[in-house]
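# Understanding the architecture of this molecule
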Amino acid sequence: MAVFMDLNITYTTDKKRLRSVIETAAHLGYSTVAINYVVDLQQKKQEIGKPKCVLELFDTFPIVQGKSRPIKVLNRLTVVASDPSHFRPNAEYKAYDLVAVYPKTEKLFHAACMTFDVDIICVAVTEKQPFFFKRSPVNGAIERGVFFEISYTPAIRDSTMRRYTIANAISLMETCKGKNVIVTSGAEKPLELRGPYDIANLVLLFGLSEGDGKAAISTNCRAVHLHGETRKTALGIVHTMKKDQPLTERQEEEHVPVSKRAKIETV
Amino acid sequence: MVRLKSRYLLCEVCVSDRSNLLLLDDRAIYTAAKAAVARAHGDYGAALSSLGFSVKYLNAHTGIVFLRCRKSHYRLIWSALPFITSLENRGQRVPCFLNCLHVGGTIRTCQKFLVRYNTQQLHRMLPLCQSEGMRWSQIYFLLLFCTLLLFHCLS
């Protein structure tokens, strides 16, 4: 049984709804979820606030169906950008576990694939893609370890969205050959989530093969999570932690996470 | 020897309000699934779903459904199931979704999976109702209910 993750649960201020969405996700078998804070910098000066502490939501996290561990909840930021100046990595971004960008123009898509310090690039599902995917930025993104995200909830809500989703997804698959793709929900209500095996089957419609489909919700999502963690460290080797007591100089701890041990050995 | 092979999709109907579950019957699920396949795959899908597609078993208390389809195109029907958003029964609309748990070749294999799944559910729910011994016994009863009804279905 692989580890399934759902990396896009829209943040709502209604705590009860958010709680029921996470409980449903645990019931369906997702081991990790990420609460998504969407920031659109074009509309009136929006501040990138700090993410809410996950411990506020639950006293004890619900146990995942089929496993004995409680569900893990991450924080994720999505920046809707139509201008390169909108995306400025600063200290606020560090508070989030995952950073995603939603490019609206071709130039920005190219920049996001090649240079931006993000984990996920969102592919438009609610509208016809205004630009085409070109091989060079997509291949550059695959080499860097950036993933493309397709969200399936708009397809469930509305029939026209379904057409856009499938069209955009297929054009992405043609360019990237099924690599580095993750599929997430954009759930706002608990009834909009779907089980992992259902999604693995749904992506057959998008043109992914069976193995790629299963990877899209398990191994690729795990890779995104690790990519987000390494953003906080220095080259993935050194992990700094701020100590609570006041010190004269900041101490750096050499902390090698078990999951990265294999990578270091090859390097 | 020519043998018509089929696939049994073991699904769970998830609703937000458990009391609504009792209203469902297999005809509602059958019509909803057919409509979803027709919407997603058009006339081709509607034609395929008329061949050997049926709801074999429905347990209204736990929300477990068995769908039977032909092996040659069970994937097509399965890919349309996530698009079901609600079930209609006698004029009442219940918002829900189908969560596919297991695909098996025979009812027996699905039943084996169901027993394992139910024991897992029991382990999940047991810590939550330490104080309510009666709820624990109710869950145990549901487990027996599931397996007994399936044996009835097999024979």
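Residues numbered from 1 in each chain as written. Chains lettered and ligands numbered in written order. Predicted model: local features only at pLDDT ≥ 70, side-chain atom pairs only at ≥ 80, totals over all residues. Heavy atoms only, no water.

Take helix H1 (residues 26-49) of chain B next. All names here are of chain B. Between its terminal C-alpha atoms H1 stretches only 15 Å, short of the 34 Å expected from 24 residues at 1.5 Å a residue. His41 marks where H1 bends most, by close to 140°. Listed as buried for H1 are Ala28, Ile29, Ala32, Ala33, Ala36, Val37, His41, Gly45, Leu48 and Ser49. Among the structural elements, strand S1 (6-15), strand S2 (54-59), strand S3 (64-70), helix H2 (74-80) and strand S4 (86-89) are those in contact with the buried residues of H1. (Helix = DSSP H or I, 4+ residues; strand = E, 2+ residues; numbered from the N terminus. Expected span 1.5 Å × (residues − 1). Bend = angle between axes of the 7 residues up to and from the residue. Buried < 20%, exposed > 50% of the residue type's maximum accessible area, 1.4 Å probe, protein only. Contact = heavy atoms within 4.5 Å.)

This part takes up the packing of helix H8 (residues 210-217) of chain A against helix H9 (residues 219-232) of chain A. Where H8(A) meets H9(A), the closest approach of the two axes is 3 Å, and the angle between their N-to-C directions is 35°. On H9(A), the residues touching Ala215(A), Ala216(A) and Ile217(A) of H8(A) are Thr219(A), Asn220(A) and Cys221(A). (Axes fitted to C-alpha atoms, helices over the stretch in contact; angles between N-to-C directions.)

Residues and elements named next belong to chain A. Tallied over the entire structure, the rule returns seven salt bridges over all chains. Residue Arg76 is joined to Glu149 by a salt bridge in which the shortest nitrogen-to-oxygen separation is 3.2 Å. You can see Arg76 sitting in strand S3 (residues 72-81) and its partner Glu149 sitting in strand S6 (residues 147-151), a full 73 residues away along the chain. The pair Arg76 / Glu149 is uniform in exposure class, with both members buried. The shortest N-O distance in the salt bridge between Glu188 and Arg157 comes to 3.7 Å. Highlighted residues: Glu188 in the loop between strand S7 (181-184) and helix H7 (196-202) and Arg157 in helix H5 (residues 153-157), separated in sequence by 31 residues. Its relative accessible area of 33% is what places Glu188 among the partly exposed residues. Take Arg157: its relative accessible area is 45%, and that puts it in the partly exposed class. Linked through salt bridges whose partners overlap, the residues forming this network are Arg157, Glu188 and Glu192. (Salt bridge = Lys/Arg side-chain N within 4 Å of Asp/Glu carboxyl O.)

This next bit is on the sheet that holds S3(B). Residues and elements named next belong to chain B. Pairing within the open sheet is antiparallel, and its five strands lie in the order S2-S3-S1-S5-S4. A single partner strand is all that each edge strand has here, and the edge strands are S2 and S4. Averaged over all adjacent pairs, the angle separating strand axes in this sheet is 35°, with direction ignored. Sheet topology places S4 next to strand S5 (residues 92-104); four bridges connect them, and they run antiparallel. Directly across from Asn89, in S5, lies its bridge partner Gln92. Contacts between helix H3 (residues 107-125) and the sheet are confined to S1, S3 and S5, with S5 contributing the most and set at about 105° to the helix. (Pairing = 2+ DSSP bridges.)

As a further point, take the interface of chain A and chain B. In this complex, chain A contributes 23 residues to the contact, which on the side of chain B involves 23 residues. Surface buried jointly by chain A and chain B totals about 2,100 Å² across both partners, of which 56% is contributed by carbon and sulfur atoms. Looking only at chain A, the three residues that lose the most surface to chain B are Leu191(A), Asp198(A) and Asn201(A), adding up to 27% of its buried area. There are one salt bridge connecting chain A and chain B. Notably, a salt bridge pairs Glu210(A) with Arg75(B), separated by 3.4 Å at the nearest N-O pair. Summed over the shared surface of chain A and chain B, the number is seven residue pairs in polar contact (both at pLDDT 80 or more). Those elements that provide at least two residues to the side of chain A that touches chain B are helix H1 (15-28), H5 and H7 of chain A. Residue composition of the side of chain A that touches chain B, grouped by class: 13 nonpolar, six polar and four charged. (Buried area = accessible area lost by both parts, 1.4 Å probe. Polar contact = N/O pair within 3.5 Å; in protein donor to acceptor, adjacent residues only side chain to side chain. Nonpolar A, V, L, I, M, F, W, Y, C, P; charged D, E, K, R; others polar.)

With that out of the way, let us pick up the sheet that holds strand S5 (residues 120-122) of chain A. Residue and element names in this part refer to chain A. Read from one edge of the open sheet, seven strands run S1-S2-S3-S4-S5-S6-S7, paired in parallel fashion. Bordering the open sheet on either side are strand S1 (4-10) and S7, each of which pairs with just one other strand. Strand-to-strand, the axes of this sheet are offset by a mean angle of 30°, without reference to chain direction. Note that S1 and strand S2 (residues 30-40) share five bridges and pair parallel. Looking at S2, one finds that Thr10 is bridged to Asn36.

Our next topic: the packing of aromatic side chains. This structure, assessed with the given rule, holds eleven aromatic pairs over all chains. Cluster of aromatic residues (ring-pair linked, three or more members): Phe109(A), Phe131(A), Phe133(A) and Phe148(A). The ring of Tyr102(A) carries Lys104(A) above its face, with NZ or CZ at 4.8 Å from the centroid. Above the face of the Phe83(B) ring, Arg162(A) is positioned so that its terminal group lies 4.2 Å from the ring centre. (Phe/Tyr/Trp six-rings, centres within 6.5 Å; stacked < 30°, edge-to-face > 60°. Lys NZ or Arg CZ within 6 Å of the ring centre and 35° of its normal.)

With that settled, the discussion passes to the state of the cysteines. Residue and element names in this part refer to chain B. Throughout the structure, instances matching the rule amount to zero disulfides over all chains. The thiol of Cys96 is not disulfide-bonded; the next cysteine sulfur, from Cys14, is found 8.5 Å away. Residue class for Cys96 comes out buried when judged on its relative accessible area of 1%. Between Cys100, a cysteine without a disulfide, and Cys11, which holds the nearest cysteine sulfur, the sulfur-to-sulfur distance is 4.4 Å. (Disulfide = S-S within 2.5 Å.)

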